[in-house]
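Residues per chain are reported as follows:
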Amino acid sequence: EPEVTQTPSHQVTQMGQEVILRCVPISNHLYFYWYRQILGQKVEFLVSFYNNEISEKSEIFDDQFSVERPDGSNFTLKIRSTKLEDSAMYFCASRGDRWNTEAFFGQGTRLTVV
Amino acid sequence: SQQGEEDPQALSIQEGENATMNCSYKTSINNLQWYRQNSGRGLVHLILIRSNEREKHSGRLRVTLDTSKKSSSLLITASRAADTASYFCATDGGYKYIFGTGTRLKVLA
C-alpha cells in the first residue's frame, strides 16, 4: 500500500539553526500539507501546497518557515532559525485531488530544539 | 467551542464494549475524516464521510454525520485492547483540514 514517508524520524537541533524536514508524498498525489503537533496538544495546520505554490497557510507559518517541492517526489519544510517553541512532531500529508478524498499522513518527524 | 471539538476528551472501557466519540464543528464542510493516533506515532486514516452522506461503515467502525447539527460520531464496536489510541476528527472545508482536540480511548483487557 502506498504511504507517505518522512525523514528523519527524529531530529535534535540547536536553537537558531536551520532544519529541513523531508517528505515523500504518495506518488500521483497533487495536494500536500504540513501539520505540527506539540506534545499533548492538537494537530495544527501549517501550510497546504498545490501546483508548486502555497494554497493556504496558517498564522503559525511565518517568515521562518518555507516549503518546497524541489523535484517530482520530495516535499520539504524548512525552518530557518529554530526556536525552542518549534519543538513538536511535524506531519506531512498528501491527497490525490481537491475534493472528497482521503488525506494520508506520514509517521512524522519529531523535532527537538535545545 | 473550537472547530472540530471531540467529546469526551477521555474514555475508558472494557474490552468488548462499544466506544462512541463525538465531534462538533462550526463551519460548513465538504467532508469529515476520522483518524487514529497511537501514542507518539503518526495519524492513521480511518474513514471519510462526505457532506451528503449520513452514515458510513468500515469493519467495526460506524460514522455518522449530521450537517444540520454540525456534528459527527465515531462508534467502535466490540472494542479491543489494540484500539487504545487517540481519535481525531478532521473537517475539510477548503485547502486544509482542521483537527479536533481528540478523544483518548483506553480499552482495558
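Residues numbered from 1 in each chain as written. Chains lettered and ligands numbered in written order. Predicted model: local features only at pLDDT ≥ 70, side-chain atom pairs only at ≥ 80, totals over all residues. Heavy atoms only, no water.

Turning to the sheet that holds strand β1 (residues 5–7) of chain A, a few remarks are in order. Residues and elements named next belong to chain A. Judged by pairing direction, the sheet is antiparallel, and its four strands sit side by side in the order β1-β3-β8-β7 without closing on themselves. Of all strands in the sheet, those bounded by a partner on one side alone are β1 and β7 (65–68). Across the sheet, the axes of successive neighbouring strands diverge by a mean angle of 20 degrees, strand direction being ignored. For β7 and strand β8 (residues 75–79), the ladder comprises four bridges, and the chain directions are antiparallel. (Pairing = 2+ DSSP bridges. Helix = DSSP H or I, 4+ residues; strand = E, 2+ residues; numbered from the N terminus. Axes fitted to C-alpha atoms, helices over the stretch in contact; angles between N-to-C directions.)

Bringing the sheet that holds strand β7 (residues 61–66) of chain B into the picture now. Two orientations exist for strands paired in a sheet by backbone hydrogen bonds: parallel and antiparallel. Residues and elements named next belong to chain B. If you walk across this open sheet you meet the five strands as β1-β3-β8-β7-β6, and the pairing is antiparallel. Where the open sheet ends on each side, the last strands, each with one partner, are β1 (5–7) and β6 (55–58). The sheet shows a mean angle of 20 degrees between the axes of neighbouring strands, taken without regard to direction. Pairing geometry for β6 and β7, over four bridges, is antiparallel. Bridging from a neighbouring strand, Ser58 pairs with Leu61 of β7.

The next thing to look at is the layout of surface pockets. Quantified by volume, the largest pocket comes out at close to 390 Å³. Forming the walls of the largest pocket are 21 residues, and the residues nearest its centre are A:Gln37, A:Gly40, A:Gln41, B:Gln37 and B:Ser86. Elements that contribute at least two residues to the lining of the largest pocket include exactly β9 (88–95) of chain A together with β9 (85–92) and β11 (103–108) of chain B. Here the element with the most residues in the lining of the largest pocket is β9(B); it accounts for three residues. The calculated volume of the second largest pocket comes to roughly 250 Å³. (1 Å grid on protein atoms, 1.4 Å probe; cavity = no way out; pocket = protein on both sides within 12 Å on 5 of 7 lines; lining within 4 Å. Points joined across faces, edges and corners; volume = space filled by probe spheres on them.)

Turning our eyes to something else, we now look at the state of the cysteines. For the coordinates displayed, the defined rule picks out two disulfides over all chains. The residue that forms a disulfide with A:Cys23 is A:Cys92, at a sulfur-sulfur distance of 1.9 Å. Looking along the S-S bond of the A:Cys23-A:Cys92 disulfide, the torsion reads about -65 degrees, which is the left-handed sense. In this pair, A:Cys23 sits in strand β3 (residues 19–24) while A:Cys92 sits in strand β9, placing the two residues 69 residues apart along the sequence. Per residue, the accessibility class of A:Cys23 equals that of A:Cys92, and both read buried. For B:Cys23, the disulfide goes to B:Cys89, at an S-S distance of 2.0 Å. A torsion of 65 degrees about the S-S bond marks the disulfide between B:Cys23 and B:Cys89 as right-handed. With B:Cys23 in strand β3 (residues 19–24) and B:Cys89 in strand β9, this residue pair connects regions lying 66 residues apart in the sequence. (Disulfide = S-S within 2.5 Å. Buried < 20%, exposed > 50% of the residue type's maximum accessible area, 1.4 Å probe, protein only.)

On to the pattern of salt bridges, then. Residue and element names in this part refer to chain B. Considering all chains together, one arrives at six salt bridges over all chains under this definition. Note that Glu55 and Arg62 form a salt bridge whose closest N and O atoms lie 3.1 Å from each other. Overall, the relative accessible area of 41% leaves Glu55 in the partly exposed class. Here Arg60 ties to Asp83 by a salt bridge, and the two come within 2.9 Å at their closest N and O atoms. One end of the pair, Arg60, is in the loop between β6 and β7; the other, Asp83, is in the loop between β8 (71–76) and β9, with 23 residues separating them in the sequence. Given a relative accessible area of 8%, Asp83 falls into the buried group. (Salt bridge = Lys/Arg side-chain N within 4 Å of Asp/Glu carboxyl O.)

Let us now look at the interface of chain B and chain A. Facing the 23 residues of chain B at the interface are 24 residues of chain A. Interface area, chain B with chain A, both sides summed: about 2100 Å², of which 52% is carbon and sulfur. Remark: the boundary between chain B and chain A carries two salt bridges. At the surface where chain B touches chain A, the tally comes to eleven residue pairs in polar contact (both at pLDDT 80 or more). (Contact = heavy atoms within 4.5 Å. Buried area = accessible area lost by both parts, 1.4 Å probe. Polar contact = N/O pair within 3.5 Å; in protein donor to acceptor, adjacent residues only side chain to side chain.)

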